[in-house]
Amino acid sequence: MFRPRLIPVLLLQGDSLVKSIEFKKHNYIGDPINAVKIFNDLKADELVFLDINATAENRTITSEFVSKLSEETNMPFAVGGGIKSLDQIETLIKAGAEKIIINSAAVEDPNFVKKASEAFGTSTIVVCMDVKKKRFGGERVWLKNGSKASAHKPTEFAQLMEQNGAGEIIVQSISNDGKMEGYDISLVESISKAVSIPVVALGGASSYNDLKQVHKEGYASGLAAGSVFVYQSKLRGVLINYPSKEERFQLFENS
Amino acid sequence: MSEPIVIVDYGMGNLHSVKKRITKAGGTAVISSDPEIVLNAAKLVLPGVGHFGKAMENLEKYNLKEALNTAVLTKKTPILGICLGMQVMAKYSEEGNAEGLGWMDAEIKRFKIEDKLHFKVPHMGWNTTANQKESALFEGINEDPEFYFVHSFYLKANDDSIILNKTIYEKEFVSAVEKDNIFGVQYHPEKSHDVGNKLFENFIAL
């Protein structure tokens, strides 16, 4: 049975693992490598690592960290943060990454995604688009860790990324981030209907049931979350958790 | 200590995770693009991520095609192809309209999906595989194990005897093959937790 992937998204700030609310108010979660070991033991489907300071500091997620990650994991993982050149991608792949997430650079230069997918293969290149409503006007794709709006409308941008060879798209709702009040399902649904590559939903989940819902109603094939997998409950006590294989199968039975 | 497994480097993707998994499974491995080393290897792994046409071009460019043919077809060196490394063992692929190594009577086709909302391409994620026959590669692995897949093209076998297991993604396709000393898997055992580890242990023990 094919089942959607459950993907913990782990945010790096310096050497620490943090969790944000609306891309702000970062709460310390713990040591990143320790978290990776736990998710590896829990046999997670896949992991995403984003270095949220990289773009502002004009660097990428470090190859030292990626190399450590690949030592510890026995599962697929994707890394992102500040990546804007083919050389950087090559360095990170050599360090052990097999999926590279492009965010701000894809918005600033959509053609970069094309060059990257031609050089490294479609399945290597993941585009993460951060979406928020502008104060006046509709939803747009934002860049630089959610600090700047672009002119791109989400569905049109997603289609452009597919044309340019992205292997999958992570759709992140900035307004829902960390709130634990559910995904922006209509946003995810609109993207799933606009492209034929896998769509990963991110932003707002509070429970495993939210993951199930965004699969069923938003047609996401990757179900990503931060808070759900690092907090025990909405009270936000830190507890790394992940459903067992049996729970995962049960969650998506008949869906 | 047994002789190292040679992981063939022909410029198609990340080989280090495969090497790491073989080491963790109790084997030793070296990464090489030297035809001499490939020719004399005790065992071979042919990984690969990317474009079929480019993979075949690179095998020519690195002078590896002849070495691989001799090692696998004449010397009967055991080989495990992973993902694109399995696909190049077929006769032909729609990807790049290119001829493969032709070790198996099979062709590589693009997924033609009808329900595009539920079945996105690439087929990316965890899926169960149904074993079609017994194999040393699956020794000690539960029935219908779950593996991690990433691919847009699949193998269609013209010779049913090579089919090792099948997987359903809207429709059924061949997810592993075996013919004499030649093994190929569409999924990524190096990314598939314990079951992938077991598969490498079995390949090492062959």
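Values in this document were obtained by computation on a predicted structure and should not be read as measured data.

Caption draft 1: Molecular detail of the packing of helix H3 (residues 86–94) of chain A against helix H5 (residues 110–120) of chain A. Residue and element names in this part refer to chain A. Contact geometry for H3 and H5: axes closest at 10 Å, N-to-C directions at 40 degrees. Between H3 and H5, the crossing angle belongs to the class labelled oblique. Note that H3 runs across H5; the crossing there is right-handed. Residues Leu86, Ile89 and Ile93 of H3 touch H5, and the partners they reach there are Lys115, Ala116, Ala119 and Phe120. Looking at the contact of H3 with H5, its residues break down into six nonpolar, no polar and one charged.

Caption draft 2: Local environment of helix H6 (residues 154–163) of chain A. Residue and element names in this part refer to chain A. Of the residues making up H6, those classed as buried are Pro154, Phe157, Ala158 and Met161. The buried side chains of H6 occupy one side of the element, clustering within an arc of 100 degrees when seen end-on. Of the exposed residues in H6, those oriented more than 90 degrees away from the buried face are Glu156 and Gln163. The inward-facing, buried residues of H6 abut helix H4 (104–108), H5, strand E7 (125–133), strand E8 (139–143), strand E10 (168–173) and helix H7 (185–194). Two residues or fewer past H6, Gly165 is found with a positive phi of approximately 100 degrees.

Caption draft 3: Region of interest: the pairing of strand E1 (residues 5–8) of chain B. Residues and elements named next belong to chain B. Both faces of E1 are covered, namely the face carrying Ile5 and Ile7 and the face carrying Val6 and Val8. For E1 and strand E2 (residues 29–32), the ladder comprises four bridges, and the chain directions are parallel. When the bridges of E2 are listed, Val8 appears paired with Ser32. Where the polypeptide runs from E1 across helix H1 (residues 16–24) and back to E2, its parallel neighbour, the crossover connection is right-handed. Pairing analysis gives two bridges linking E1 to strand E3 (residues 44–46), with the strands arranged parallel. For Ile7, the partnering residue across the bridge sits in E3 and is Val45.

Rules of the game
- Residues numbered from 1 in each chain as written.
- Chains lettered and ligands numbered in written order.
- Predicted model: local features only at pLDDT ≥ 70, side-chain atom pairs only at ≥ 80, totals over all residues.
- Axes fitted to C-alpha atoms, helices over the stretch in contact; angles between N-to-C directions.
- Helix = DSSP H or I, 4+ residues; strand = E, 2+ residues; numbered from the N terminus.
- Parallel < 35°, antiparallel > 145°, perpendicular 65-115°, else oblique.
- Left-handed = near helix turned anticlockwise from the far one by under 90°.
- Contact = placed C-beta atoms within 7 Å.
- Nonpolar A, V, L, I, M, F, W, Y, C, P; charged D, E, K, R; others polar.
- Buried ≥ 20, exposed ≤ 12 C-beta atoms within 10 Å, placed from the backbone.
- Arc of directions from axis to C-beta.
- Pairing = 2+ DSSP bridges.
- Right-handed = clockwise from strand over helix to strand, strands pointing away.

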